Amino acid sequence: MLMEKPSAGLWRKIKARYNLVGNSCKTCGKAYFPPRIVCRKCGRESKMENKKFSGNGEVYSFTKIRVPPDTFKDEAPYIVGVVKLDEGPMVEGHILENGTEIKIGTKVRSAFRRMYVDGEEGLIYYHYKFEPV
Amino acid sequence: MRDVAIIGVGLSKFGERWDSGIKELMAEAGLMALEDANISSNEIEMIFGGTMASGRFMGQEHVAALMSDQLGLNNIPAVRIENACASGGSALRLGYMAVSSGIHDIVVVGGVEKMTDVTASEATTALGGAGDQEWELFQGITFPGLYAMMAKRHMHEYGTTEEMLASVAVKNHANAMKNKFAQFHKNLTIEEVMKSKVVSDPLKLLDCSPISDGAAAIVLAPLDRARKFNDTPIKILASTQASDTLRLAERDSLSGIKATTIAADKAYRQAKVTPKDIDIAEVHDCFTIAEIMAMEDLGFYKKGKAGKAILDGETALGSKLSVNTSGGLKGCGHPVGATGVKQAVEVVWQLRGDAGERQVKGANIGLTHNVGGSGATSVVHIYKRAD
Ligand SMILES: CC(C)(COP(=O)(O)OP(=O)(O)OC[C@H]1O[C@@H](n2cnc3c(N)ncnc32)[C@H](O)[C@@H]1OP(=O)(O)O)[C@@H](O)C(=O)NCCC(=O)NCCS
Ligand SMILES: [Zn+2]
């Protein structure tokens, strides 16, 4: 079995993962997070420019993962969700409870947190997560 | 465009097949299909092989050429099709296109997956590749997790209950009892499903299709040559497919699969039938919520109405529309690359009247529905006995 090498994918998208930089289409105005190479509506006619997102939004759906993939073996159980950002797009992410029960509609904001530790290399991966406001 | 018929079908026993590797599974299903079609190996012109992650599960790629090799088909062109859990259905559609177009006459479509040689967590990782790796799997979001979030939305929007979800598993396990090829021969109760261990709330262990080994195969021929091989050829009335974003959160809705709606609309038009004309359907119940959404997206029920209908037994074996007579992915098993082909095998048996104990009387028109990932691919086929 090949080992996952997630780190390359982390660094490639570091502006989005660390600073919530997505983009928007100048042709039609639609905002995207995570960023897209082309706009889904405009295709080849799209003109994408970077856009920083506030990280504020509300929980659209969520679940607690109890059977995790290899990389998250030591983190389970954890809550993941689909968050509708105030700027429009929906995005997946971890949701921290911080003592609040998570529901559909719970208002959240983004936070920069530890995601998991790569057992083999001992590397700590950081990522945006969401937490109740 | 020529009419295309299925002239032979074969299936391996599904389940945890520690006795068999990928070669044995393919041979088991493939030889049965050739025998069923009463055709010799040298009449086959091309093979399309569906498999999702044989490299991840077995370290084996190049699976279609291997199928041809193992079935003794010698030197014919072979192509592997990977479309996540819809690999089998996609392979069937390509086989159909090859025969329909007139490029080939006799074509074999195979599907296989050998999943049980790895741990549950390795399998979860391999299957996670069916979603958007960078934003879903990378963040530890699994397939049960994605369907759990769809289930939560469906419950929120339509009042669907965990009991309704559980009733899908109960029905499909009951059907699997009558299928000797099925992975599970165990009746379930709603309580047992509701009390099984939570995998990703609201989905529990018994809401999930299992990790399985298995293979399925089909022989296709032009309809006008089909009777030479088989007294009861099954005509493919429609073969359609649609795609959507890989990433679940980017879709228009989480409580339905748009690619299914699109593929189904096209299929009904192509076949010149309506959902009311369908007698039997094999739908993609990788999780119980998926069958509820499928019944709505395929036009059998209005959005939000399928859960109660299934709980009330409206789609049980022998009802007006019998769904997942094979036991579905839940009861029969879900070797991902084989599933789409296996669904067609079951429909062929039903339409021929060969389904034994689980035969639906008077089954005339059948439908199969095969989904890849959390809905980025959906393939629909409609079939009828060629009288
Ligand atoms: C649900 C799931 C995580 C369970 O795996 P697991 O936690 O390793 O399960 P276990 O090995 O602990 O199984 C415990 C028991 O339940 C049985 N079992 C496992 N999965 C089952 C299922 N889905 N349905 C019924 N029984 C199941 C096992 O045979 C075992 O029975 P035994 O104790 O009699 O041998 C796994 O089946 C799974 O990942 N399913 C989803 C597959 C998937 O995502 N497919 C792609 C869909 S798009
Ligand atoms: Zn645009």
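No experiment lies behind these values; they were computed from the predicted model shown. (Residues numbered from 1 in each chain as written. Chains lettered and ligands numbered in written order. Predicted model: local features only at pLDDT ≥ 70, side-chain atom pairs only at ≥ 80, totals over all residues. Heavy atoms only, no water.)

Colleague: Could you give an account of the domain arrangement of chain A, with specific residues and numbers?
Modeller: Residue and element names in this part refer to chain A. Domains assigned within chain A are domain 1 (8–52) and domain 2 (54–133). If you average the C-alpha positions of domain 1 and of domain 2, the two centres end up 21 Å apart. Domain 1 puts 11 residues into the contact, and the matching count from domain 2 is 13 residues. Roughly 930 Å² of surface becomes buried between domain 1 and domain 2 when both sides are summed, with 72% attributable to carbon and sulfur atoms. Scanning the region where domain 1 abuts domain 2 turns up 0 salt bridges. Our enumeration of links across domain 1 and domain 2 arrives at 2 residue pairs in polar contact (both at pLDDT 80 or more). Grouping the constituent residues of the side of domain 1 that touches domain 2 by class yields 8 nonpolar, no polar and 3 charged. (Domains from an automatic or database assignment. Contact = heavy atoms within 4.5 Å. Buried area = accessible area lost by both parts, 1.4 Å probe. Salt bridge = Lys/Arg side-chain N within 4 Å of Asp/Glu carboxyl O. Polar contact = N/O pair within 3.5 Å; in protein donor to acceptor, adjacent residues only side chain to side chain. Nonpolar A, V, L, I, M, F, W, Y, C, P; charged D, E, K, R; others polar.)

Colleague: Please provide a residue-by-residue account of unusual backbone geometry, values included.
Modeller: If a residue is not glycine, its phi is most likely negative; likewise, a peptide bond is most likely trans. Residue and element names in this part refer to chain A. Here the residue pair Phe33 and Pro34 is connected by a cis peptide bond, since its omega of -5 degrees sits within 30 degrees of zero. Structurally, Pro34 is set in the loop between strand E2 (31–32) and strand E3 (48–52). Following Ala76, the chain continues to Pro77 via a peptide bond in cis, the omega torsion being -5 degrees. Mapped onto the secondary structure, Pro77 falls in the loop between strand E4 (57–65) and strand E5 (78–85). Residue Leu20 is not a glycine yet carries a positive backbone phi of 55 degrees. Relative to the elements of secondary structure, Leu20 occurs in the loop between helix H2 (14–19) and strand E1 (21–25). (Helix = DSSP H or I, 4+ residues; strand = E, 2+ residues; numbered from the N terminus.)

Colleague: Go over the nonpolar core, please, and point to the residues and values.
Modeller: All names here are of chain B. One finds Tyr147, Ile278, Phe300 and Ile382 to be the most contacted residues of the largest nonpolar core, which totals 77 residues. Ranked by residue count, the leading element in this core is helix H6 (residues 143–158), at 7 residues. Excluding anything up to four places from it in sequence, Tyr147 contacts Leu203, Ile257, Cys286, Phe287, Ile289, Ala290, Met293, Val371, Gly373, Ser374 and Gly375. One finds Val4, Phe14, Cys332 and Ala355 within the second-largest nonpolar core, a separate group that totals 37 residues. (Core = buried A, V, L, I, M, F, W, Y, C linked by side-chain atoms within 4.5 Å. Buried < 20%, exposed > 50% of the residue type's maximum accessible area, 1.4 Å probe, protein only.)

Colleague: Quick rundown of the interface of chain B and chain A? Include the residues and the values.
Modeller: How large an interface is tends to be reported as the accessible area lost when its parts come together. Each partner contributes to the interface: chain B provides 36 residues, whereas chain A provides 40 residues. Buried area between chain B and chain A, both sides added, is near 3400 Å², and the carbon and sulfur share of it is 55%. The largest contributions to the chain B side of the interface with chain A come from Trp135, Phe138 and Gln139 of chain B, which together make up 23% of the buried area. The shortest N-O distance in the salt bridge between Asp244 of chain B and Arg40 of chain A comes to 3.6 Å. At the boundary of chain B and chain A, one finds 22 residue pairs in polar contact (both at pLDDT 80 or more). For the side of chain B that touches chain A, the secondary structure elements donating two or more residues are helix H2 (54–58), helix H5 (120–128), H6 and strand E5 (198–200) of chain B. Ranked by the residues each element gives to the side of chain B that touches chain A, the list is headed by H6 of chain B, at 7 residues. For the side of chain B that touches chain A, the residue count by class is 13 nonpolar, 11 polar and 12 charged.

Colleague: I'd like a rundown of the pattern of salt bridges, residues and numbers included.
Modeller: All told, the structure shown has 31 salt bridges over all chains when counted by the stated rule. A salt bridge links Arg109 of chain A to Glu131 of chain A, with the shortest nitrogen-to-oxygen separation between them at 3.1 Å. With a gap of 22 residues between them, Arg109 of chain A in strand E7 (residues 107–118) and Glu131 of chain A in strand E8 (residues 123–132) connect regions that are remote in the sequence. When the shortest N-O distance is used, the salt bridge between Glu192 of chain B and Lys186 of chain B registers 3.2 Å. Judged by relative accessible area, which is 44%, Lys186 of chain B ranks as partly exposed. Within the structure, one salt-bridge network assembled from shared partners comprises Arg36 and Glu92 of chain A together with Arg247 and Glu250 of chain B.

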